[in-house]
Number of protein chains: 2
Amino acid sequence: MKLEHGAHLTGEDRAVLHDLCGRTHQVSANEDIIGEGERPENVHLVMEGFACRYKLLSDGKRQIMALLVPGDFCDLHIAILGEMDHSIGTGWGCTCVKIPRATINDLTTNHPRIARALWWATLTDEGTLREWLVNMGQRRADKQMAHLFCELLVRLQTVGCADEDSFEFPISQSDLADTLGVTPVHVNRVLQELRAQNLIVWRSKRLQILNVERLKAFCDFNPNYLHLTRRANGDSSE
Amino acid sequence: MKLEHGAHLTGEDRAVLHDLCGRTHQVSANEDIIGEGERPENVHLVMEGFACRYKLLSDGKRQIMALLVPGDFCDLHIAILGEMDHSIGTGWGCTCVKIPRATINDLTTNHPRIARALWWATLTDEGTLREWLVNMGQRRADKQMAHLFCELLVRLQTVGCADEDSFEFPISQSDLADTLGVTPVHVNRVLQELRAQNLIVWRSKRLQILNVERLKAFCDFNPNYLHLTRRANGDSSE
DNA sequence: CGCTATCTTGATAACGTTCAACTATGGTGG
DNA sequence: CCACCATAGTTGAACGTTATCAAGATAGCG
């Protein structure tokens, strides 16, 4: 729950949040957490492993629109929007917590700092989505992939799930292909390039970045869109 | 302000919203509304014309990440996130309203239905962003462009800025290229294809869709991500 | 009327796809 | 412990989509 970079939380806030994490729930590989069109009763929070937002097209293609790591909410928006416009699944297994809608409503009305942090979480999700769009539109597959790796390293580090230069990365090349919007064959070839340039090593489900600074420079990585610097401009409002 | 599909507003709510629209402000072409890195004091709302979110890369490339039409907010998030992670501009001139941060804070705390509608607005922005990602990742340039045209028709219709099959579309082919993530030359060729198939006419800054149903079928358009159906599942919460 | 932007066209090259086959790898049951 | 199987990763060749570069045509604006 270290994800709360979005607001200055008090000890009491942390205790409230900690209580939520009781009943975890194992989601097995290839099982969806929520399907498109559903109206889930609970809000889901990833605790361990990866999940992803995705859409299937009528021709069978799949686009992964977000990778959710520990601390990320799957469907905070469902209380406002009617039904899901995409699915959330995990091809790799993950554990998550189900939080009743009522609890979320309570948090947002009675715990202003937590409400602010949740607000922050959805806004950084949106910032990430924008950066992914830039990534797909303007960067070639090699830099796009490098950019994703840099992002994941930073995001996983902030929740204690990555060390200095590596992290567990259990997804397949096909999944990565659906994330980047290219074919699995091309992913394979780009990976070989990155390996040949001594930028990364990826084996036995662990991705290691051999020289983080060089990889960041390679893809022109700027983490400002993650909004991780704890805000300096006072708490404003509220 | 018809954009309030997100909640059932009362007459009083509407009056409050209407009062905001007093001091409109003309933004000339090529003038930014907000630049990346800024911390704007006001929240901006588009009243007429188009604006866009964009990022510039170090190599001079530009990606447009959103087209903002009348009724869209530019920077509702700025009270929570520290600084802008992208710029907002208009290459075409538009009029917008500046709403002080304090007013927004007042709305969100004292007018629950309006707060809900604002919440809805940012969530549909996010949904749109996700659909654009699918569009770029999985669809060829021709279908991608068709999809964008379908989306704009629907969005502009909901705010009374489009008729049955056409709308003002003052942007250049280059701008469209930066939106779709392709080159201007390719945009030109794709447009010719769409024209040759009698799907669209685009001249003197007006885009007409000759057969809306055929264009929607062509690009497999499903507007569910815009969440425009006024919600039927009760007002829940609050 | 002329200037500048934008749009259009052609030729060539690069990036990414497709299809098909082949090679690892990891898990399972014998 | 090994043989087997299914899945994931790798390779090659041909093809299609989009990029690049450069030039020419059109249209909008003062």
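Cut-offs applied
- Residues numbered from 1 in each chain as written.
- Chains lettered and ligands numbered in written order.
- Predicted model: local features only at pLDDT ≥ 70, side-chain atom pairs only at ≥ 80, totals over all residues.
- pLDDT = per-residue confidence, 0-100.
- Contact = placed C-beta atoms within 7 Å.
- Helix = DSSP H or I, 4+ residues; strand = E, 2+ residues; numbered from the N terminus.
- Expected span 1.5 Å × (residues − 1).
- Buried ≥ 20, exposed ≤ 12 C-beta atoms within 10 Å, placed from the backbone.
- Pairing = 2+ DSSP bridges.
- Near = placed C-beta within 6 Å.
- Nonpolar A, V, L, I, M, F, W, Y, C, P; charged D, E, K, R; others polar.
- UniProt positions renumbered as here; feature names shortened; annotations may be inferred.
- Axes fitted to C-alpha atoms, helices over the stretch in contact; angles between N-to-C directions.
- Least-squares fit on C-alpha atoms with pLDDT ≥ 70 in both.

Per an unreviewed UniProt entry, the recorded name for chain A is Crp/Fnr family transcriptional regulator, and the organism is Methylobacterium terricola.

We now examine the confidence of the model for chain A. Averaged over every residue, the pLDDT of chain A is 89; the share at 70 or more is 94%. Ignoring residues within four places in sequence, the model shows residues 231-238 of chain A, a span with pLDDT below 50, making eight contacts including any to other chains.

The next thing to look at is helix α4 (residues 141-158) of chain B. Residues and elements named next belong to chain B. The end-to-end C-alpha distance of α4, which contains 18 residues, comes to 26 Å, matching closely the 26 Å that a straight helix rising 1.5 Å per residue would cover. Buried within α4 are the following residues: Gln144, Met145, Ala146, His147, Phe149, Cys150, Glu151, Leu153, Arg155 and Leu156. Positive backbone phi, approximately 70°, marks Gly160, located one or two places after α4.

Let us now look at the pairing of strand β4 (residues 51-56) of chain A. Residues and elements named next belong to chain A. In terms of burial, β4 is a largely internal element, five of the six residues being buried. Bridge count for β4 against strand β5 (residues 62-68) is six bridges, and the pairing is antiparallel. Looking at β5, one finds that Arg53 is bridged to Ala66. Count of turn residues in the β4/β5 antiparallel hairpin: five residues, of which Gly60 carries a positive phi of about 95°. As defined by bridge partners, β4 adjoins strand β6 (residues 87-90) across three bridges and the pair is classed as antiparallel. In the strand pairing of β6, Cys52 is matched with Gly89.

Further remarks concern the protein's contact with DNA strand D. Ser172 and Gln173 of chain A together with Val182, Thr183 and His186 of chain B are the nearest of the 15 residues found near DNA strand D. Among the elements of the structure, α5 (173-180) and α6 (184-196) of chain A together with α6 (184-196) of chain B are those that each provide at least two residues to the surface near DNA strand D. Sort the elements by how many residues they give to the surface near DNA strand D and α6 of chain A lands first, with five residues. Here the residues of the surface near DNA strand D sort into six nonpolar, eight polar and one charged.

Turning to the UniProt feature "domain: HTH crp-type" (unreviewed entry) in chain A, a few remarks are in order. Using the residue numbers shown here, the UniProt feature "domain: HTH crp-type" (unreviewed entry) corresponds to residues 139-213 of chain A. When the span residues 139-213 of chain A is considered, its composition is 55% helix and 15% strand, and the gap between its end C-alpha atoms is 19 Å.

On to the protein's contact with DNA strand C, then. Taken together, 15 residues form the shell around DNA strand C, and within it Val182, Thr183, Val185 and His186 of chain A together with Gln173 of chain B come nearest. The set of elements that each furnish at least two residues to the surface near DNA strand C consists of α6 of chain A together with α5 (173-180) and α6 of chain B. In terms of residue count, the dominant contributor to the surface near DNA strand C is α6 of chain B (five residues). The residue makeup of the surface near DNA strand C, split by class, is six nonpolar, eight polar and one charged.

Take the sheet that holds strand β1 (residues 24-27) of chain A next. All names here are of chain A. If you walk across this open sheet you meet the three strands as β1-β7-β3, and the pairing is antiparallel. Looking at the sheet topology across the chains shown, the edges are occupied by β1 and β3 (42-49). Ignoring which end each strand starts from, the neighbouring axes of this sheet average 35° apart. By the bridge criterion, seven bridges tie β3 to strand β7 (residues 94-100) in an arrangement that is antiparallel. Counted as the bridge partner of Asn42 is Pro100 from β7. Against the sheet, helix α2 (residues 101-110) contacts β3 and β7, and its axis sits at roughly 70° relative to β7.

On to the relation of the copies chain A and chain B, then. In summary, the two copies of the chain are related to each other by a rotation about an axis coupled with a shift along it. Its rotation angle being 180°, the transformation that places chain A on chain B also includes 0.0 Å of axial translation and leaves an RMSD of 0.0 Å. Here the two chains are linked by the operation of a two-fold rotation axis. Interface residue correspondence from chain A to chain B reaches 98%, placing this contact among same-surface, isologous pairings.

Here we take up the interface of chain A and chain B. Interface size is often expressed as the accessible area that is lost when the parts come together. Across the contact, 40 residues belong to chain A and 40 residues belong to chain B. Elements that contribute at least two residues to the side of chain A that touches chain B include exactly β5 and α3 (112-138) of chain A. By residue class, the composition of the side of chain A that touches chain B is 14 nonpolar, 17 polar and nine charged.

In this section: the sheet that holds strand β9 (residues 200-203) of chain A. Residue and element names in this part refer to chain A. Ordered in space as β8-β10-β9, the three strands form an open sheet in which the pairing is antiparallel. Of all the strands in the sheet, just β8 (166-168) and β9 have a single pairing partner and so form its edges. With strand direction ignored, the average angle separating the axes of adjacent strands in the sheet is 10°. In the sheet, β8 pairs with strand β10 (residues 206-209) via three bridges, with the strands oriented antiparallel. The residue of β10 that forms the bridge with Ser166 is Gln208.

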